[in-house]
Amino acid sequence: MTDRQQEILDIAMELGYYENPRRATHGEIAERVGIDASTVSEHMRKIESRAFAFLA
């Protein structure tokens, strides 16, 4: 995982992105990091893909 992906994941966890119900959106994460929500979405897909590959 890249440093940027780790930063995004840390903020997502802090904001409650993976809680149920979800407490944060890609837009809220993006605002915190200072990037577009679409970029957060791309990072999250890569992060989750690595996590699922590790579990498989």
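Residues numbered from 1 in each chain as written. Predicted model: local features only at pLDDT ≥ 70, side-chain atom pairs only at ≥ 80, totals over all residues. Heavy atoms only, no water.

Colleague: How would you explain the pattern of salt bridges if you had to name every residue and give the values?
Modeller: Using the criterion set out here, one finds four salt bridges in the structure. Residue Glu7 is joined to Arg4 by a salt bridge in which the shortest nitrogen-to-oxygen separation is 2.8 Å. In this pair, Glu7 and Arg4 are both assigned in helix H1 (residues 3-15), three residues apart and thus about one turn of the helix distant. Classification of Glu7 as partly exposed rests on a relative accessible area of 32%. Classification of Arg4 as partly exposed rests on a relative accessible area of 31%. (Salt bridge = Lys/Arg side-chain N within 4 Å of Asp/Glu carboxyl O. Helix = DSSP H or I, 4+ residues; strand = E, 2+ residues; numbered from the N terminus. Buried < 20%, exposed > 50% of the residue type's maximum accessible area, 1.4 Å probe, protein only.)

Colleague: Describe helix H2 (residues 26-33), with residues and values.
Modeller: Taken residue by residue, H2 has Ile29, Ala30 and Val33 as its buried positions. Taken down its axis, H2 places every buried residue within 100° of arc, on the same side. For H2, the secondary structure elements touched by its buried residues are H1 and helix H3 (37-55). Positive phi shows up at Gly34, right after H2, with a value of about 90°. (Arc of directions from axis to C-beta. Contact = heavy atoms within 4.5 Å.)

Colleague: Mind laying out the nonpolar core, listing which residues take part and the relevant values?
Modeller: Within the largest apolar cluster, 12 residues are counted, these being Ile8, Leu9, Ile11, Ala12, Tyr17, Ala24, Ile29, Ala30, Val33, Val40, Met44 and Ile47. The set of elements that each furnish at least two residues to this core consists of H1, H2 and H3. The element that contributes the greatest number of residues to this core is H1, accounting for four residues. In contact with Leu9, other than residues within four places in its own chain, are Met1, Tyr18 and Ile47. (Core = buried A, V, L, I, M, F, W, Y, C linked by side-chain atoms within 4.5 Å.)

Colleague: How would you sum up the side chain of Gln5? Please name residues and give values.
Modeller: By secondary structure assignment, the location of Gln5 is in helix H1. The class of Gln5 is buried, set by a relative accessible area of 5%.

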